[in-house]
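The chain contents come next:
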Amino acid sequence: MTAIDAEVMICGAGIGGLTLAAICRQLGISYKVLERTETLQPVGAGISLSPNALRVLDQLGVYEKVLETAQKLRKLQIWRNNTQWNTVSLDNFEPTYGYPIVSAERHNFHRLLYAAAGEDEHVVLNAKVTDVIDVPGEPVRVVVEGGNEYRGHVVVGADGIRSAVRRALLRKNDMNKGNTIQFTGRVHFSGITSPLENCGPSEIGVANWMLYDQAILTTWPCQDNRQWYIGVKKAEGDVDKNRSVWGSITPGDIKKVYGRAFHPFAEGKQFGSIVDKSERVIASNVFQEVEFPSMYDGRVALLGDAAHSMTSFFGQGGCQAIEDAAVLGNLLAENRKTLDKPHELLATYAKIREPRTKDLATFSDSFAMLHTARLPYGMGPFVRWFLYTLVPTWFWISYLGWLYRYQPTVTALGNPPSHGKKRQ
């Protein structure tokens, strides 16, 4: 066979792609990451990381560094307009699952993964993928804009909801219906603030779910009482359904929607004063997968949003990309001697990941309907009130065991540090 540039070619330097790259680096598997942007700029506002993702980050030596700049979630307050419905304590969460839920500035976390992946020694910037060619008897070829090609035994598409790798697989299989990731009709407005000087120790680690009449809003605590907020509302007017991140957005645009809304941490109790503290704001259309095609084809696999974009109502998009990377990395380690014939390991990867990601996407969509009170037969408002006000905390922590107890790791990397061992 023709010489290869690396055993594993990873398309996309997002969270999933960089996690897989960091795993390959520690396993001694050669890899390259092809990233379309010219520089790594701040993207997004914040990210929520939970036990199902933190365990493999612990293996990679990233977890402790995350804790240096992130905030553990202590409790959740639920509000209906300006009336407090409930306070959910999470004191038993970490003892139950071995890891907490943490909130972090997304760019800080991204930089940690970039360093763990080997930075510019292994990440090729300004490499926009245009095609993937998988011909038997020769390496898989990744073609980038300008005509350059990179060759490998395995190609992983981790390039998001507009995945060029996914489009290449559709063309290869004569699937002309296009991408099955579709616009949901909703828009996210998000941002991250500087420290809120009016907040003190009692507000540290406290998240707020704000259920307004016409929209919803969640604020997540970051270090030093900085707040990461994300609001969701129905799209209005002429919305470009073919874009994800908006080209421009200002704090003023967000204040038009949420400026006068109540928030317990805001000066004057109006959320506009929190928006005024924003260091960065972003708006994006919300997409989700509707048909779930296979997560692999031949010697090409899909990972993260390229495979299973889902609504962010339960904050699992990034965590699922990390889970994908952990499972695929483990299979690469177990089949280290046969990476030039990866069909079986990629089939196993898809078999493991597809049921869970479909289930979680369904759960996320169902939770969105509950959270926005859009249940059938007009039952949404009552069911939401009942579950959010009367169901005890222990029930929720126990119920979510199906999500948080599953913590994939890479066996060859050994056990994570003792502080992160999951309690049975």
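Everything here concerns the structure above.
Residues numbered from 1 in each chain as written. Predicted model: local features only at pLDDT ≥ 70, side-chain atom pairs only at ≥ 80, totals over all residues. Heavy atoms only, no water.

Colleague: So what about a nonpolar patch on the surface? Which residues, and what values?
Modeller: A cluster of nonpolar side chains, namely Tyr377, Met379, Phe382, Trp385, Phe386 and Leu390, defines an oily patch on the protein surface of about 710 Å² accessible area. Assignment of secondary structure puts phenylalanine 382 in helix H12 (residues 380-389). Residue phenylalanine 382 is classed as partly exposed on the basis of its relative accessible area of 47%. (Patch = residues over 30% accessible without salt bridge, like charges linked within 9 Å, V, L, I, M, F, W, Y side chains within 5 Å. Areas by Shrake-Rupley, 256 points an atom, 1.4 Å probe, with all protein chains shown as cover. Salt bridge = Lys/Arg side-chain N within 4 Å of Asp/Glu carboxyl O. Helix = DSSP H or I, 4+ residues; strand = E, 2+ residues; numbered from the N terminus. Buried < 20%, exposed > 50% of the residue type's maximum accessible area, 1.4 Å probe, protein only.)

Colleague: For the packing of helix H1 (residues 15-27) against helix H5 (residues 106-116), give the residues involved together with the corresponding values.
Modeller: Running from amino to carboxyl end, H1 crosses H5 at an angle of 30 degrees, the nearest separation of the two axes being 8 Å. Comparing their axes, H5 and H1 come out roughly parallel. With respect to the hand of their crossing, H1 and H5 are arranged in left-handed fashion. Residue-level inspection shows Ile15, Leu18, Thr19, Ala22 and Arg25 of H1 in contact with H5, the latter providing Arg106, Phe109, His110, Leu113, Tyr114, Ala115 and Ala116. Here the residues of the contact of H1 with H5 sort into eight nonpolar, two polar and two charged. (Axes fitted to C-alpha atoms, helices over the stretch in contact; angles between N-to-C directions. Parallel < 35°, antiparallel > 145°, perpendicular 65-115°, else oblique. Left-handed = near helix turned anticlockwise from the far one by under 90°. Contact = heavy atoms within 4.5 Å. Nonpolar A, V, L, I, M, F, W, Y, C, P; charged D, E, K, R; others polar.)

Colleague: Account for the pattern of salt bridges, naming residues and giving values.
Modeller: Going through the model one piece at a time under the given rule, you end up with 15 salt bridges. One salt bridge in this structure joins glutamate 279 and arginine 226, with 2.5 Å as the shortest N-O distance. Placement of the pair is glutamate 279 in strand E17 (residues 278-289) and arginine 226 in strand E16 (residues 226-234), with a sequence separation of 53 residues. Accessibility expressed as a relative area gives 48% for glutamate 279, which makes it partly exposed. Among the charged side chains, a network of salt bridges with common partners joins Glu105, Arg226, Glu279 and Arg280.

Colleague: Tell me what's going on with unusual backbone geometry, and back it up with residues and numbers.
Modeller: The phi angle at alanine 373 is positive, at roughly 60 degrees, despite the residue not being glycine. Looking at where alanine 373 falls in the secondary structure, it is placed in the loop between helix H11 (343-371) and H12. Residue tyrosine 377 is not a glycine yet carries a positive backbone phi of 60 degrees. With respect to the element layout, tyrosine 377 can be found in the loop between H11 and H12.

Colleague: Can you explain the sheet that holds strand E7 (residues 102-105)? Please cite residues and give values.
Modeller: Read across the open sheet, the three strands follow the order E3-E7-E4; overall the sheet is antiparallel. Of all strands in the sheet, those bounded by a partner on one side alone are strand E3 (46-49) and strand E4 (71-72). Of the strand pairs in this sheet, E4 and E7 are connected by two bridges, and their pairing is antiparallel. Within the sheet, the bridge partner assigned to glutamine 71 lies in E7 and is serine 103. (Pairing = 2+ DSSP bridges.)

Colleague: Explain the packing of helix H2 (residues 51-59) against helix H10 (residues 317-334) residue by residue, including any values.
Modeller: Contact geometry of H2 with H10 gives a least axis separation of 8 Å together with a crossing angle of 45 degrees. Between H2 and H10, the crossing angle belongs to the class labelled oblique. Crossing of H2 over H10 shows left-handed handedness. Residues Asn52, Ala53, Val56 and Leu57 of H2 touch H10, and the partners they reach there are Cys319, Gln320, Ile322, Glu323 and Ala326. The residue makeup of the contact of H2 with H10, split by class, is six nonpolar, two polar and one charged.

Colleague: Please give an account of the pairing of strand E1 (residues 8-11) that cites residues and values.
Modeller: Going residue by residue along E1, you find Val8 and Ile10 tucked away on one face and Met9 and Cys11 tucked away on the opposite face as well. Where E1 and strand E12 (residues 154-157) come together, four bridges link them in parallel fashion. Residue isoleucine 10 lies in a different strand from E12, and its bridge partner there is valine 156. The sheet contact formed by E1 and strand E2 (residues 31-34) spans four bridges and is parallel. Note on E2: the bridge partner recorded for valine 8 is tyrosine 31. Between E1 and its parallel partner E2, the chain crosses via H1, and the hand of that crossover is right-handed. (Right-handed = clockwise from strand over helix to strand, strands pointing away.)

Colleague: Which residues make up empty space enclosed by the protein, and what values go with them?
Modeller: One pass over the full model with this rule turns up two cavities of 30 Å³ or more. Residue lining of the second largest cavity: Val132, Asp134, Ala168, Leu169, Lys172 and Val300, and that is the complete set. When residues in the lining of the second largest cavity are grouped by element, the largest group, three residues, is from helix H6 (residues 164-172). In the lining of the second largest cavity, the residues fall into four nonpolar, no polar and two charged. (1 Å grid on protein atoms, 1.4 Å probe; cavity = no way out; pocket = protein on both sides within 12 Å on 5 of 7 lines; lining within 4 Å. Points joined across faces, edges and corners; volume = space filled by probe spheres on them.)

Colleague: How would you explain the nonpolar core if you had to name every residue and give the values?
Modeller: Grouped together as the largest cluster of nonpolar side chains are 78 residues, with contacts concentrated most on Leu20, Leu34, Leu49, Phe109 and Leu332. Ranked by the residues each element gives to this core, the list is headed by H10, at nine residues. In contact with leucine 332, other than residues within four places in its own chain, are Val8, Leu20, Cys24, Ile29, Leu339 and Leu345. (Core = buried A, V, L, I, M, F, W, Y, C linked by side-chain atoms within 4.5 Å.)

Colleague: So what about the environment of glutamate 119? Which residues, and what values?
Modeller: Inspection of the secondary structure puts glutamate 119 in the loop between H5 and strand E8 (123-124). Taking the relative accessible area as the measure of exposure, glutamate 119 reaches 34% and is therefore partly exposed. Leaving out residues up to four positions away in the same chain, glutamate 119 has contacts with Arg111 and Tyr114.

Colleague: Residues and numbers for the side chain of serine 48, please.
Modeller: With respect to the helices, strands and loops of the structure, serine 48 is situated in strand E3. The exposure class assigned to serine 48 is buried, which follows from its relative accessible area of 12%. Beyond its immediate stretch of four places on either side in the chain, serine 48 contacts Ile101, Val102, Trp228, Gly315 and Cys319.

Colleague: I'd like to hear about the sheet that holds strand E19 (residues 300-302), residue by residue, with values.
Modeller: Read from one edge to the other, the open sheet built from six strands follows the order E8-E2-E1-E12-E19-E18, with strand pairing classed as mixed. Lying at the two open borders of the sheet, with one neighbouring strand each, are E8 and strand E18 (296-297). Here H6 sits on the sheet and contacts E1, E12, E18 and E19; the angle it forms with E19, its principal contact strand, is near 125 degrees.

Functional significance is not addressed by these values, which are geometric in nature.
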